Amino acid sequence: MCDQTFLAITFGPCDNCSQNKPLMNIYLKNEPINYCSLCVELMACQGLAKGETIHTLKTESETLKAKLEEERAKLHDVELHQVAEKIEALGQFVMKTRRTLKGHGNKVLCMDWCRDKRRIVSSSQDGKVIVWDAYTTNKEHAVTMPCTWVMACAYAPSGCAVACGGLDNKCSVYPLSLDKNENLAAKKKSVAMHTNYLSSCSFTNSDMQILTSSGDGTCALWDVESGQLLQSFHGHSADVLSLNLAPSETGNTFVSGGCDKKANVWDMRSGQNVQSFETHESDINCVKYYPSGDAFATGSDDATCRLYDLRADREVAIYSKESIIFGASSVDFSLSGRLLFAGYNDYTINVWDVLKGTRVAILFGHENRVSTVRVSPDGTAFCSGSWDSTLRIWA
Amino acid sequence: MARDMSDKDILKMELEQLQKEVKNTREPVSKTTKEIYEWVEAQAAEDPLIKGVPEDKNPFKEKGGCIITCDFLWQN
């Protein structure tokens, strides 16, 4: 992406030294300034020389990071799998594909369950958003978005609407009507506006607010009815790829993960970044809160999934194997939090024992990358969506 | 927006964030992981994906069986 500096040549008095010279029209933070080339040179040198060079900022940042690690390490007295040694190992897992939902013409990018535990909304690269009944595999609604790569979709808590967005930089809410003939696209409401693609969206506890994350590096909370921006969250230094709200009992926070390898925990009311974790070696593709709300898991392009404990303020487990070299695109916990389901770019889904850190099963079936994995609200099944344009329900 | 910020601004933002975080309170891992483990133990009994769901109660079970209807012609 280009940085915001354009050059055009005009002739006239310089804003700085007032001499008539060929001017360089420069835009600093989106404001036009007309300086002659000499003043531009001087300004470029001064910008850094206020005792605050990029170098000094970097060294200070490194020392603080080291101090933070030291503080965290002091409390690292035991490993999670050591605490978990006493627990029984899980039995053999038999999980099969129970339903295959076919109907998307192109890669499935995202899906979400309805709270009624049977409906699913999914979105794909070709712009289609489909609402399915998972028990019967019937398609209940279909909408075609005006953009391709619909990377985010979410079901409203009431089950009466779906939100979706992608390369159009917006998040739109479609109320679902019972009348099959009704044109859903006509009732569409544009809620969120970002300056880059929408990577993830989620309703808060009501249909009235939506939380979005975007390729522009920010997350934002919007009011659905008015489309107003209620709060914005700045802190990532690159695209934000995923976000997840804390389970309702534990309060108003959410976690986000992005291409800057960081996972940040935010307070929704103040907009503050409360905690930040940077131990992954590559982009974080997915973040998911632990069902108790005290921890969260991440899946990353570095082929590992990690568990971070919020109260201990550190990473407490890594789920990886030497044989797994492809990135994890999506993670979700089972109802009790004992199992972690992770979808990978090598077309498989690995099931991990969260406490012991071992893998309990590999699920094969998809014929292309698994892009999204979600456990149903009552925990009886989970659904996976893939670039092979199908969704599978496993139980 | 992260893409519009200069390197210096991004570093400043990170620095302020780190200064705040160093002051966070933390609990020892032994205590927090024990709580996680206890929470899971309490919930695991009810987790359908761990304990399994009997086939007749499972809404996702295979729609099984075919019923073959045929007419028998008895001929003596």
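The model shown is predicted, which means the values in this text are computed figures rather than measured ones.

1. Examining helix H1 (residues 7-22) of chain B
Given a rise of 1.5 Å per residue, 16 residues ought to cover 22 Å, and the 23 Å separating the end C-alpha atoms of H1 of chain B matches this to within 8%. What H1 of chain B keeps buried is the set Lys-8, Ile-10, Leu-11, Met-13, Glu-14, Leu-15, Gln-17, Leu-18, Glu-21 and Val-22 of chain B.

2. Some thoughts on the pattern of salt bridges
Counted according to the given criterion, the structure contains 22 salt bridges over all chains. For Glu-69 of chain A, the salt bridge is made with Arg-72 of chain A, and the minimal N-O distance between the two is 3.4 Å. In this pair, Glu-69 of chain A and Arg-72 of chain A both sit in helix H2 (residues 54-74), three residues apart, roughly one turn of the helix. Residue Glu-69 of chain A is classed as partly exposed on the basis of its relative accessible area, which comes to 39%. Taken together, the shared-partner salt bridges in this structure form one network comprising Glu-69, Arg-72 and Asp-313 of chain A together with Glu-21 and Arg-26 of chain B.

3. Describing the domain arrangement of chain A
Here chain A is partitioned into domain 1 (1-46) and domain 2 (83-394). Summarising the inter-unit geometry, the C-alpha centres of domain 1 of chain A and domain 2 of chain A are found 45 Å apart.

4. With respect to the UniProt feature "coiled-coil region" (unreviewed entry) in chain A
Here, UniProt's "coiled-coil region" (unreviewed entry) annotation points to residues 54-81 of chain A. Secondary structure over residues 54-81 of chain A splits into 82% helix and 0% strand, and the C-alpha atoms at its two ends are 41 Å apart.

5. Focus on the interface of chain A and chain B
Note: interface size is frequently given as the accessible area lost on complex formation between the parts. With 80 residues of chain A at the contact, the number on the chain B side is 49 residues. Between chain A and chain B, a total of about 5,600 Å² is buried, with carbon and sulfur atoms accounting for 63% of that surface. For the pair chain A and chain B, the interface holds four salt bridges. Residues Glu-14 of chain B and Lys-262 of chain A are paired through a salt bridge, measuring 3.5 Å at the closest nitrogen-oxygen approach. At the boundary of chain A with chain B, the tally comes to 14 residue pairs in polar contact (both at pLDDT 80 or more). The set of elements that each furnish at least two residues to the side of chain A that touches chain B consists of helix H1 (37-48), H2, helix H3 (80-83), strand E4 (97-102), strand E20 (273-277), strand E24 (314-319) and strand E26 (339-344) of chain A. Considering every element that reaches the side of chain A that touches chain B, the biggest residue donor is H2 of chain A, with eleven residues. Here the side of chain A that touches chain B is built from residues that sort into 32 nonpolar, 25 polar and 23 charged.

Rules used in this analysis
Residues numbered from 1 in each chain as written. Chains lettered and ligands numbered in written order. Predicted model: local features only at pLDDT ≥ 70, side-chain atom pairs only at ≥ 80, totals over all residues. Heavy atoms only, no water. Helix = DSSP H or I, 4+ residues; strand = E, 2+ residues; numbered from the N terminus. Expected span 1.5 Å × (residues − 1). Buried < 20%, exposed > 50% of the residue type's maximum accessible area, 1.4 Å probe, protein only. Salt bridge = Lys/Arg side-chain N within 4 Å of Asp/Glu carboxyl O. Domains from an automatic or database assignment. UniProt positions renumbered as here; feature names shortened; annotations may be inferred. Contact = heavy atoms within 4.5 Å. Buried area = accessible area lost by both parts, 1.4 Å probe. Polar contact = N/O pair within 3.5 Å; in protein donor to acceptor, adjacent residues only side chain to side chain. Nonpolar A, V, L, I, M, F, W, Y, C, P; charged D, E, K, R; others polar.

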